[in-house]
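# Report on the structure
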Amino acid sequence: ATDGAFYSNILPKIRKSFPDLNMDWLLFDKGDMLLSNDKTVNSSQPKKELPLIPMEAISSLGDGEIQITVEDIVDTYEIPDFKTKGVEYLVKLSGNSMYPKHNTGDLLGCKRITDTTFFQWGRTYVLDTDQGIMVKRVFSIKGNDDALECHSDNKENFPPFVINKNSIRNISIVVGCLSME
């Protein structure tokens, strides 16, 4: 990134995500890393904010541990109940395939799944597939362990379909939802 892009786009996101980070330390190697006097408490406490990332960023999460870069973060939210349930990131829902349960603009609290041998049948998942990113309820298919049946809550407009597990790159379970009226 150019210096101008760094200062106008990336630096504000770093400030918002890490409010205790000393910008003089980051930019000029001056002073302490953290602004707070009690560095041991701040550095050992987990961050309370959850990053909101665009749906497209899910495809860049990679294998293993979740990898969200500063450039991916649109905003951050502090939702303590989500953190205690293991939520790692938030995505904003678009489209109406999960209506009436979920609406466009709802924030979905997601937890990345690495073990795809176990699913909570009927629960909502965010799937990054060869066909694109989708939010669906998943079900088993009797006699076929290599595929999943995907359902929308808006059954009238979106019929169920089968997807092969090998076409799913990343999968996250939706742990919670924040809706606005």
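The text that follows walks through the structure, step by step, so that each part is easy to find. (Residues numbered from 1 in each chain as written. Predicted model: local features only at pLDDT ≥ 70, side-chain atom pairs only at ≥ 80, totals over all residues. Heavy atoms only, no water.)

Counting 13 residues, the largest nonpolar core has Met55, Ile58, Val91, Leu108, Cys110, Val126 and Val135 as the members making the most contacts within it. At the level of elements, β3 (89-92) and β4 (107-113) are the ones that each hand at least two residues to this core. Once residues within four sequence positions are removed from consideration, valine 135 is found in contact with Met55, Leu93, Ser97, Met98, Leu108, Thr124, Tyr125 and Val126. In this structure, Tyr125, Val138, Ile163 and Ile168 belong to the second largest nonpolar core, which totals 11 residues. (Core = buried A, V, L, I, M, F, W, Y, C linked by side-chain atoms within 4.5 Å. Buried < 20%, exposed > 50% of the residue type's maximum accessible area, 1.4 Å probe, protein only. Helix = DSSP H or I, 4+ residues; strand = E, 2+ residues; numbered from the N terminus. Contact = heavy atoms within 4.5 Å.)

Scanning the model with the defined rule gives two aromatic pairs in all. Measuring from centroid to centroid gives 5.4 Å for phenylalanine 119 and tryptophan 121, while their planes differ by 25°, and the two rings are stacked. A residue is classified by how much of its surface remains accessible, and tryptophan 121, at 43% relative accessible area, is partly exposed. Centre to centre, the rings of phenylalanine 119 and tyrosine 125 are 5.5 Å apart; their planes meet at 70°, and the pair counts as edge-to-face. Here tyrosine 125 falls in the buried class, since its relative accessible area comes to 2%. One aromatic cluster in this structure is built from Phe119, Trp121 and Tyr125. (Phe/Tyr/Trp six-rings, centres within 6.5 Å; stacked < 30°, edge-to-face > 60°.)

This next bit is on the side chain of threonine 129. Position of threonine 129 among the secondary structure elements: in strand β5 (residues 124-129). Note on threonine 129: relative accessible area 1%, which makes it buried. Among the polar contacts made by the side chain of threonine 129, one reaches the main-chain amide nitrogen of glutamine 131 at a distance of 3.1 Å. In contact with threonine 129, not counting residues within four places along its chain, are Met134, Ile163, Ser167, Ile168 and Arg169. (Polar contact = N/O pair within 3.5 Å; in protein donor to acceptor, adjacent residues only side chain to side chain.)

Through backbone hydrogen bonds, the strands of a sheet pair up, either in parallel or in antiparallel fashion. Here we have nine strands laid out as an open sheet, ordered β2-β1-β3-β4-β9-β5-β6-β7-β8, and mixed in their pairing. With partners counted over all chains shown, the strands left at the sheet margins are β2 (75-78) and β8 (161-164), one partner each. Pairs of neighbouring strands in the sheet enclose a mean axial angle of 45°, with direction left out of account. Of the strand pairs in this sheet, β4 and strand β9 (residues 168-178) are connected by seven bridges, and their pairing is antiparallel. Paired with glycine 109 across the strands is glycine 176, a residue of β9. (Pairing = 2+ DSSP bridges. Axes fitted to C-alpha atoms, helices over the stretch in contact; angles between N-to-C directions.)

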